[in-house]
Amino acid sequence: MTYCLAIKVEEGLVFDSDSRTNAGLDNIGTYTKMFTYNVGDRAFVILTAGNLATSQAVYHQIEKDLENSNNETNLNLCEDIEAVADYVGKLSIEQQSKNHDPTEQIDQSTMLLGSHFIIGGQIMGQEPNLVMVYPEGNFIYVADETPFIQIGETKYGKPILDRMILPNTPLGDSARAALLSFDSTMKSDLTVGPPIDFVVFKKDQINLQPKEFKFSTENLKKVEKILKRYPNKNKKSAVMPLLYLAQRQNENWIPLAAMKYIANYLAMPYISVYEVATFYSMYNLAPVGKNFIQVCTTTPCLIRGADKIVKLCKEKISPNENEVSEKCNSSWIEVECLGACVSAPM
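My aim in this report is to walk through the structure given alongside it, one point at a time. (Residues numbered from 1 in each chain as written. Predicted model: local features only at pLDDT ≥ 70, side-chain atom pairs only at ≥ 80, totals over all residues. Heavy atoms only, no water.)

Looking now at the nonpolar core. Among the nonpolar cores identified, the biggest contains 44 residues, and I7, F198, F215, L243, M259 and I262 are the most heavily contacted of them. Secondary structure elements with two or more residues in this core: β1 (3-9), α5 (171-188), α6 (217-227), α7 (239-249), α8 (256-266) and α9 (270-279). The biggest single contributor to this core is α8, with eight residues. Aside from chain neighbours lying at most four places away, what touches I7 is G12, L13, V14, L130, P147, F148, L161, I165, S174 and A178. (Core = buried A, V, L, I, M, F, W, Y, C linked by side-chain atoms within 4.5 Å. Buried < 20%, exposed > 50% of the residue type's maximum accessible area, 1.4 Å probe, protein only. Helix = DSSP H or I, 4+ residues; strand = E, 2+ residues; numbered from the N terminus. Contact = heavy atoms within 4.5 Å.)

In structure tokens, the structure reads:
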């Protein structure tokens, strides 16, 4: 079994999938259920649950179609998310048909060859969106009332999403809710397990997370010096300075690949690194401008006029947080207490 989840909120999209395919006592298998594509004016994430052979065949055919410039349809040629859903649905039907006699009626055993797909992403100039494609090839859009789609082993993680996810839920909180939903599912169901593939997609940022991250040779020397400050049994305490080092190396933001790399380097759970990175406002989880402004909007600063600063940022930089202005290479964001209330507004 598997568990795949996609969330749509006003600020963007969140995607989460496990990679377990077998969960027997002596036979545990893994295979990624996430396909990412990010070229030019478009970015897509596809998740799948169901017959593994069908899912793999669909993913491989998508890659072949992208490599063949003579194809009439591929992800580059789809005009919108609906066209992508139609394309994936047709590929799924084609793969199922290879193992089915067209003269025979489709029955329950045939449907076991099918897979469900969640497709999400954005084409520049259009709104980001989510759809779910059924084994029969048809699809539905995500609902406004329940702005998330689940496939696979859904029941253990759904109550958390029902209580936390609304259209206006902040993207960071949505990502945390997704991880909590996964943690609940993995605790209750052995057929869902790590490694977990995780993507956070900010609206209008056609830039998915890099797949790999490694410290440079120069920074590896700095890492060794940092680790010498801590006893061998407490190497995990170096997570904060290593995150900061990764941020400086990666143009002042931390990709998820860097968090996974640091987790492996310090032999600690990835979720623990993610919790630290998302808790402190000193860490940027998306690209920021060369001039990056953080505005505290807690009560003391609001009383002293922080709302006027926010209004000015929207007028002079960008109407949206974490959106890099092309004119002045700047971005801004609201944060919680900056620890200097005496000098409010900060």
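Per the stated rule, a full pass over the model turns up five salt bridges. Between E218 and K222 there is a salt bridge, and its shortest N-O distance comes to 3.9 Å. With E218 and K222 both in helix α6, this residue pair falls four residues apart, about one helical turn. Classification of E218 as exposed rests on a relative accessible area of 55%. (Salt bridge = Lys/Arg side-chain N within 4 Å of Asp/Glu carboxyl O.)

This part takes up unusual backbone geometry. Residue P345 is bonded to the preceding A344 through a cis peptide linkage, with omega at 5 degrees. Mapped onto the secondary structure, P345 falls in the segment after β13 (330-335). Even without being a glycine, E251 presents a positive backbone phi close to 55 degrees. Residue position: E251 is located in the loop between α7 and α8. Relative accessible area serves as the criterion here: at 68%, E251 is assigned to the exposed category. Of note in this structure, N252 is not a glycine but carries a positive phi near 70 degrees. Relative to the assigned elements, N252 resides in the loop between α7 and α8. Of the residues examined, N252 reaches a relative accessible area of 31% and is grouped as partly exposed.

Before going further, it helps to spend a moment on the sheet that holds strand β10 (residues 148-152). The four strands lie next to each other as β10-β1-β2-β11, forming an open sheet whose pairing is antiparallel. Looking at strand neighbours, the two that pair on one side only are β10 and β11 (197-202), the edges of this open sheet. The average undirected angle you get between the axes of adjacent strands in this sheet is 5 degrees. With five bridges joining them, β1 and β10 adopt antiparallel strand pairing. When the sheet's bridge partners are listed, L5 is paired in β10 with Q150. (Pairing = 2+ DSSP bridges. Axes fitted to C-alpha atoms, helices over the stretch in contact; angles between N-to-C directions.)

Our focus in this paragraph is the layout of surface pockets. Counted as a void, the largest pocket has a volume near 1,300 Å³. Breaking the lining of the largest pocket down by element, the ones donating at least two residues are α5, β11, α8, α9, β12 (291-296) and β13. In terms of residue count, the dominant contributor to the lining of the largest pocket is α5 (five residues). Partitioning the lining of the largest pocket into residue classes produces 23 nonpolar, eleven polar and eleven charged. (1 Å grid on protein atoms, 1.4 Å probe; cavity = no way out; pocket = protein on both sides within 12 Å on 5 of 7 lines; lining within 4 Å. Points joined across faces, edges and corners; volume = space filled by probe spheres on them. Nonpolar A, V, L, I, M, F, W, Y, C, P; charged D, E, K, R; others polar.)

Turning to α7, a few remarks are in order. Along α7, the positions that sit buried rather than exposed are V239, L242, L243, L245, A246 and Q247. Residues of α7 that are buried in the fold lie against α6, α8 and α9. Positive phi shows up at E251, right after α7, with a value of about 55 degrees.

Limitation: the analysis is restricted to geometry and does not speak to function.
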